[in-house]
Amino acid sequence: MLPQNRRYTLVVEPLHFDNIHLGFLVLEVDEAQSYIYSALQQQISSALHSQTVLAEREIALTALQESDDRFRSAFNDASIGMALVSLDGQFLQVNNALCDIVGYGTDELVTRTFQEITFKDDLDLDLGYVQQALDGKIRAYQLEKRYIHKSGALIWIQLSVSLVTNSEDAPL
């Protein structure tokens, strides 16, 4: 029961989260202490904003995970040989199809560079294209070249290379 000799204000504040109406916050505020309502309103707004930011972050993380899963599946399950290669030629990630082509297991191939498994007569042409890509003169190239299979046999391949860059077009 509220004391009768004081003035009170009934405050009704709608509560929303992520554009969904949750209900109302109803307060009876002593006009002499209305500053408490103002502080409480700010705290509630801040808490709801924090929850919205966390929910948006969770949605973004889920979307990123789904995108990563799609990439991994497309990469790993491709019927063509694929690799991610560092700027110095080190195999960073390879799929099973490439391993089958060159005869190395994944663990073996990621310890090598493409230079090591490229037939020496084809290496200069490939490295020339790599340099052009790094210099920004071309974004991608294709060529026929020979890889050296683990058994020592030469294998003709059709190589397609695309340079991966960041938002400032710097090679990654």
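Bear in mind the structure is a predicted one, so any value in this text is a computation, not a measurement.

**Concerning the side chain of Lys-145**
Logical step 1: Here Lys-145 shows up in strand 5 (residues 140-148).
Logical step 2: A relative accessible area of 0% means that Lys-145 is categorised as buried.
Logical step 3: A distance of 2.5 Å separates a polar atom in the side chain of Lys-145 from a polar atom in the side chain of Asp-126.
Logical step 4: Residues within four places of Lys-145 in sequence aside, it is in contact with Phe-114, Thr-118, Asp-122, Asp-126, Ile-155, Trp-156, Ile-157 and Leu-159.

**Describing the pattern of salt bridges**
Logical step 1: On inspection of all chains with the given rule, the structure shows six salt bridges.
Logical step 2: Ionic pairing is found between Lys-120 and Asp-121, a salt bridge with its closest N-O pair at 3.7 Å.
Logical step 3: With a closest N to O distance of 2.9 Å, Asp-122 and Arg-146 form a salt bridge. You can see Asp-122 sitting in helix 5 (residues 120-134) and its partner Arg-146 sitting in strand 5, a full 24 residues away along the chain.
Logical step 4: We classify Asp-122 as buried; its relative accessible area is 10%.

**Thoughts on the side chain of Thr-118**
Logical step 1: One can find Thr-118 in the loop between helix 4 (114-117) and helix 5.
Logical step 2: At 2.6 Å, the side chain of Thr-118 and the backbone oxygen of Phe-114 are in polar contact.
Logical step 3: Setting aside residues up to four positions removed in sequence, Thr-118 forms contacts with Leu-123, Lys-145, Arg-146, Tyr-147 and Ile-148.

**Quick notes on the nonpolar core**
Logical step 1: Membership of the largest hydrophobic core comes to 17 residues, with the highest contact counts inside it found for Phe-91, Leu-98, Val-102, Leu-109, Ile-117 and Tyr-147.
Logical step 2: Those elements that provide at least two residues to this core are strand 4 (91-94), helix 2 (96-102), helix 4, helix 5, strand 5 and strand 6 (154-162).
Logical step 3: Those residues within four positions of Val-102 in sequence are excluded, and the remaining contacts are Leu-109, Ile-117, Tyr-147, Ile-148, His-149, Lys-150 and Ile-155.

**Quick look at helix 5**
Logical step 1: Over its 15 residues, helix 5 runs 21 Å from end to end, which matches the ideal 21 Å to within 8%, given 1.5 Å per residue.
Logical step 2: For helix 5, the full list of buried residues reads Asp-122, Leu-123, Asp-126, Val-130 and Ala-133. Buried residues in helix 5, looked at end-on, bunch into an arc of 105°, giving them a common side. In helix 5, those exposed residues whose orientation departs by more than 90 degrees from the buried face are Asp-121 and Asp-124.

What counts, and where the lines are drawn
Residues numbered from 1 in each chain as written. Predicted model: local features only at pLDDT ≥ 70, side-chain atom pairs only at ≥ 80, totals over all residues. Heavy atoms only, no water. Helix = DSSP H or I, 4+ residues; strand = E, 2+ residues; numbered from the N terminus. Buried < 20%, exposed > 50% of the residue type's maximum accessible area, 1.4 Å probe, protein only. Polar contact = N/O pair within 3.5 Å; in protein donor to acceptor, adjacent residues only side chain to side chain. Contact = heavy atoms within 4.5 Å. Salt bridge = Lys/Arg side-chain N within 4 Å of Asp/Glu carboxyl O. Core = buried A, V, L, I, M, F, W, Y, C linked by side-chain atoms within 4.5 Å. Expected span 1.5 Å × (residues − 1). Arc of directions from axis to C-beta.

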